[in-house]
Structures are given as C-alpha cells and as structure tokens.
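What the coordinates show
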Amino acid sequence: MATDTSAFNSAHLEPPTHTQQLAITAFGEAKTLALQTQPIPKMTSQQVLVAVNFAGVNPIDAKTRAGLGWAAQQNKDNLPWVPGYDIAGQVVAIGEQVTEFAIGDRVSGFIGFPLQGGGYSQYVVAEQQALSHVPDNVTLETAAALPLAGQTAWQALEKVKVKAGERVLILAGAGGVGHLAIQLATAKQAQVIATASQANLAFLTELGAHAVDYHQGALVDLIEPVDVLIDLMGSEVGIAALECVKAGGRVVTIPTITADLVCQRAEALGLSACGILVSPSVVQNNAMLERVALGQLQVEIAQSFPLSQGVQAHQQIESGRTRGKVLLAVSAP
Ligand SMILES: NC(=O)c1ccc[n+]([C@@H]2O[C@H](COP(=O)([O-])OP(=O)(O)OC[C@H]3O[C@@H](n4cnc5c(N)ncnc54)[C@H](OP(=O)(O)O)[C@@H]3O)[C@@H](O)[C@H]2O)c1
C-alpha cells in the first residue's frame, strides 16, 4: 500500500514512526495515568494519519480508568489502554484510497468508541469515514470538544422526539452534554428549563434556558410540570426529577450505570423512559460544526491541560463541576 507522505518529503522530514500517548496503566485513581511511547500502527488504504492538537476528556474516560462500566470490563486484560474518543488536528499522511482528505486538512472526529479509544495521543490512525472537515472559522479546540458530547445531546433529543413548544427539563445544563443539549433543544423551539448551581445560572440563561438552582429545594417544588426530562445525572438526582414530568411524559436518562434503575422508577410512575448509548455519527458532527461556523452553536471550554497533566484533567472531570468541556492539548514533536 502506498501512503502519501509528501508533506514530510517536501519539508525533508521523516514521517513519524512513534507517538507519545497517555495511558491507563491500572484501574484506579487518576495517578494511574502515565505517558508512554508506542509505534504508530501501519495505515490501511482507507485510513488517515492525524497529528492531534486537542483531545476531548469525557466522564466515561475517568469511569473506565476507575474500572467502572463496560469499556473497563472489555479492556481489563488489555492495559495499558489509551482512552480518548474526541480528536481534532491535522492530516499528515493518507492511504492510497483516501479521497475525502488531503495532507494539511483540519479534521475532527469521534473515534474508537467504545472499546478502542486512543485519542490521548500525538498521532492517531483513523478511518476516513470517521472524520469531519473543520470549517476555517472553527478552532481545533472547539472541534475536539464537540463530538461525543454534541452527538449525545443530539441523539438524546431525537430519542425522546422533542418538539416545538414542549417543556423540556435538562439536568446538569452547565456540563459538557447539557450546555449543548440546551442549545439544540431551543433550536427546535422547545421551552427549556435547566438545572445548575448559582454560579452557572447566567451561563444557562445566555444559552436560552430558564435556569433553576438545584440547591434551592426539591425540583418538583421549583419547576412547573414538563413534557420531557433529559436526565444527565442519573441515580437519586434523576429519580427525584421524575416527579417534575407530566403524566404520560417522556424521559431519557443518559448515565448508563443507573439507566435501568431510573427507567424502572419512571415506568412505575406511568412515564415512558429509555437510556441511550451514543453512537458516532459524522453526519451529526458535520451538522454541528456547521452550526458553530454560523454562530448558531456555542461550545464552552472550561480548561485545556497539556497531555503531561492528564491526571489534573481527569481530576477536573471527576469533580462533577465542569462548565462545558475539558480538553488535553497535545503537541507533536
Ligand atoms: N450514555 C451515553 O452514551 C453517554 C454519553 C455521554 C455522557 N454520558 C454520561 O452523561 C453524564 C453527563 O455527562 P457530561 O459530559 O455532561 O458531564 P459533566 O460535563 O462532567 O457534567 C458536569 C456538570 O454537572 C453539573 N451538576 C453536578 N451535580 C448536579 C446536580 N445535582 N444537578 C444538576 N447539575 C449538576 C455541574 O453543574 P454545577 O457545577 O452548576 O452544579 C457541572 O456543570 C455523565 O454521567 C456521562 O458519563 C453518557
């Protein structure tokens, strides 16, 4: 298979052979993350080599590192394992049958979900079908923050068929998924009510939601009944919010670990309820990148940590207090 490495040849540089990565070395606390250097896998004719500038950090990365959930079970004999599903960067080599991308293109994608991961890496080999072109006026930070969280928000709203005029309650409106879900729901002309702490209320209002401080009391006493609940908290917080839903209303509960429990409790109240597992969609990623480019979708980035500070990045996401998204800034040699 011939690989186009003309960018390196014209600059009299050798194409990269190895990549630095941040890996889970053992299940446990954030300090089990460690840098490693590995050979870059050989590309097939349909694949693209991306020099990653930014990788998204998602709660699932920290849960997997802690040994929780399906991705951890599947990878328990496969450590060290490199997490990371969101990437944005530049194409540095292409397989001979790659038609959609050229060297130098700015790209982003939701890759290796759920079992492969691999985004916390200087270089990533990706299928061309997994990547989107990043519009010129969209930063690579924004493009790396969007895929997993944006597609989760998009698919959650589709799952419960949110319609114009409906009252939609979004728990954890200030988080990675929540702040995007608010904007996607208001774009469907739903009336959005979203929960957050005092410090995030103005942020939610700017995004188009009626903001409610969940510290002020039971949600059922603070919020008029809603048609739809988008539960981004799960467990007891999600269960308590079921009381805000009108008889016959719809619920989607996003944290997978407590989804069965929340659904059972919702169904016992006569509500229709389901969980979801996000599924990568380039079509949705392209649509959201276009909205960002047009100024119709705002992506909030809380903090960007160097790859060497992955421990701090995981501690931040595990705080449960992130406004928007956490990123790793990755620099190639
Ligand atoms: N099923 C799937 O495929 C899928 C996909 C993506 C995500 N998920 C799951 O969905 C959940 C949300 O993900 P995320 O990325 O949005 O998380 P995140 O960014 O870590 O969420 C942080 C936000 O949670 C808010 N929060 C904390 N406690 C709260 C409470 N009691 N009430 C309301 N808001 C509260 C915080 O707001 P304040 O600081 O204002 O309190 C903070 O802004 C996670 O459990 C994640 O694993 C599942």
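Residues numbered from 1 in each chain as written. Predicted model: local features only at pLDDT ≥ 70, side-chain atom pairs only at ≥ 80, totals over all residues. Heavy atoms only, no water.

1. Section: the pattern of salt bridges
The following threshold applies: A pairing counts as a salt bridge when a side-chain nitrogen of Lys or Arg comes within 4 Å of a carboxyl oxygen of Asp or Glu. Labels follow the DSSP assignment, with helices taken as runs of H or I lasting at least four residues and strands as runs of E lasting at least two, numbered in each case from the N terminus. Each residue is placed in one exposure class: buried if its accessible area under a 1.4 Å probe, protein chains only, is under 20% of its type's maximum, exposed if it is over 50%, and partly exposed if it falls in between.
This model, assessed by the stated rule, comprises 4 salt bridges. The salt bridge partner of Arg-65 is Glu-318, with a shortest N-O separation of 2.8 Å. One end of the pair, Arg-65, is in helix H2 (residues 59-65); the other, Glu-318, is in helix H12 (residues 310-318), and 253 residues separate them in sequence. On the basis of relative accessibility, which here comes to 40%, the residue Glu-318 falls in the partly exposed class.

2. Considering the sheet that holds strand E12 (residues 226-231)
For clarity, the threshold we go by: Note on pairing: two strands pair once DSSP finds at least 2 bridges between them. Only C-alpha atoms enter the line fits that serve as axes; for helices the fit covers just the stretch in contact. Angles between N-to-C directions range over 0 to 180 degrees. Any two residues whose heavy atoms approach within 4.5 Å at even a single point are treated as in contact.
In spatial order, the strands read E11-E10-E9-E12-E13-E14; together these 6 strands make up an open sheet with parallel pairing. Only two strands of the sheet have a single neighbouring strand rather than two, namely strand E11 (210-213) and strand E14 (272-275). Put simply, the sheet's adjacent strands are angled 20 degrees from each other on average, direction ignored. With 4 bridges joining them, strand E9 (residues 167-170) and strand E10 (residues 191-196) adopt parallel strand pairing. Within E10, the residue paired with Arg-167 across the bridge is Gln-191. Packing of helix H10 (residues 259-268) onto the sheet brings it into contact with E12, strand E13 (245-253) and E14, and relative to E14 it is tilted by some 175 degrees.

3. Regarding the site of the ligand
Rules: One heavy atom within 4 Å of a molecule or strand is enough for the residue carrying it to be called near that molecule or strand. As used in this structure description, the phrase polar contact means that two N or O atoms lie within 3.5 Å; if the pair is within protein, one of them must be able to donate a hydrogen and the other to accept it, and residues adjacent in sequence are counted only when both atoms belong to side chains. Calculation of accessible area relied on Shrake-Rupley with a 1.4 Å probe; when residues are assessed, cover is drawn exclusively from the protein chains displayed. The pocket and cavity definitions rest on a 1 Å grid over protein atoms only: a 1.4 Å probe that fits but cannot leave marks a cavity, an open set with protein on both sides within 12 Å along at least five of seven lines marks a pocket, and residues lining either have an atom within 4 Å of a point. Each molecule is assigned to a cavity or pocket provided more than half of its atoms lie within 2 Å of the corresponding grid points. Note on residue categories: nonpolar means Ala, Val, Leu, Ile, Met, Phe, Trp, Tyr, Cys or Pro, charged means Asp, Glu, Lys or Arg, and polar means any other residue, Gly included. The source of the domain bounds is an automatic or database domain assignment.
Residues in contact with the ligand amount to 26 residues; listed here are only the nearest, Lys-63, Ser-197, Tyr-214, Ile-276 and Thr-322. In this structure, Val-177 approaches the ligand through a main-chain N or O atom, which is 2.9 Å from an oxygen atom. Side-chain polar atom of Arg-321 to an oxygen atom of the ligand: 3.4 Å apart, as the coordinates give it. Protein chains bury 89% of the 940 Å² of accessible surface belonging to the ligand in isolation. One can see that the ligand is located within the largest pocket. When residues of the shell around the ligand are traced back to their parent elements, those giving at least two are H2, helix H5 (147-159), helix H6 (176-187) and E10. Residues that form the shell around the ligand fall into these classes: 14 nonpolar, 10 polar and 2 charged. Shared between two domains, the shell around the ligand takes at least three residues from each, and those domains are domain 1 (3-146 + 299-329) and domain 2 (149-275).

4. Looking at the pairing of E12
Among the 6 residues that make up E12, 6 are buried, leaving the element largely enclosed by the rest of the structure. Of the strand pairs in this sheet, E9 and E12 are connected by 3 bridges, and their pairing is parallel. For Val-168, the partnering residue across the bridge sits in E12 and is Val-228. Direction of pairing for E12 relative to E13: parallel, over a ladder of 5 bridges. What sits directly across from Ile-230, in E13, is Val-252.

5. So, the environment of Ile-301
Along the chain, Ile-301 turns up in strand E15 (residues 301-306). According to the relative accessible area criterion, Ile-301 is partly exposed, its value standing at 27%. Note: C-alpha distance between Ile-301 and Thr-322 (21 residues apart in sequence) is 9.1 Å. For Ile-301, the residues in contact, after removing those within four places along its chain, are Glu-141, Thr-142, Ala-145, Arg-323, Lys-325 and Leu-327.

6. Considerations on the layout of surface pockets
Spelled out, the test is: Grid points are joined across faces, edges and corners, and a volume is the space filled by probe spheres set on the points.
Its boundaries defined by the atoms lining it, the largest pocket holds a volume of some 1400 Å³. Residue lining of the largest pocket: 48 residues in total, with Pro-59, Lys-63, Leu-232, Met-233 and Pro-255 positioned closest to the centre. The set of elements that each furnish at least two residues to the lining of the largest pocket consists of H2, helix H3 (70-75), H5, H6, E10, helix H9 (235-241) and H12. Per-element tally for the lining of the largest pocket: the top contributor is H2, with 5 residues. Each of two domains, domain 1 (3-146 + 299-329) and domain 2 (149-275), supplies a minimum of three residues to the lining of the largest pocket. What the second largest pocket holds in volume is close to 610 Å³. Around the second largest pocket sit 31 residues that line it, and Gln-116, Gly-117, Gly-118, Val-124 and Val-125 are the ones nearest its centre. For the lining of the second largest pocket, the element with the most residues is strand E7 (residues 123-127), which contributes 5 residues.

7. As for the UniProt feature "domain: Enoyl reductase (ER)" (unreviewed entry) in the protein
Inclusion rule: UniProt positions are given in the numbering used here, feature names are shortened, and annotations may be inferred rather than shown by experiment.
Under the feature "domain: Enoyl reductase (ER)" (unreviewed entry), the UniProt entry names residues 28-328. Within residues 28-328, the helical portion is 31% and the strand portion 28%, while the C-alpha atoms at the span's ends are 20 Å from each other.

8. Some words on the nonpolar core
Cut-off, in case you're wondering: What we call a nonpolar core is a set of buried Ala, Val, Leu, Ile, Met, Phe, Trp, Tyr and Cys residues that are connected through their side-chain atoms within 4.5 Å.
One finds Leu-146, Ile-170, Ile-182, Leu-204, Ile-230 and Val-252 to be the most contacted residues of the largest nonpolar core, which totals 47 residues. Of all the elements in the fold, those that place two or more residues in this core are helix H4 (140-145), H5, E9, H6, E10, helix H7 (201-207), E12 and helix H11 (282-293). The element that contributes the greatest number of residues to this core is H6, accounting for 6 residues. Inspection of this core shows a minimum of three residues originating in each of domain 1 (3-146 + 299-329) and domain 2 (149-275). Those residues in contact with Leu-146 that lie beyond four places of it in its chain are Gln-151, Leu-180, Asn-285, Met-288, Leu-289, Val-292, Leu-297 and Val-299. Ranked by size, the runner-up nonpolar core spans 36 residues in total, among them Leu-22, Ala-23, Val-57 and Ile-87.

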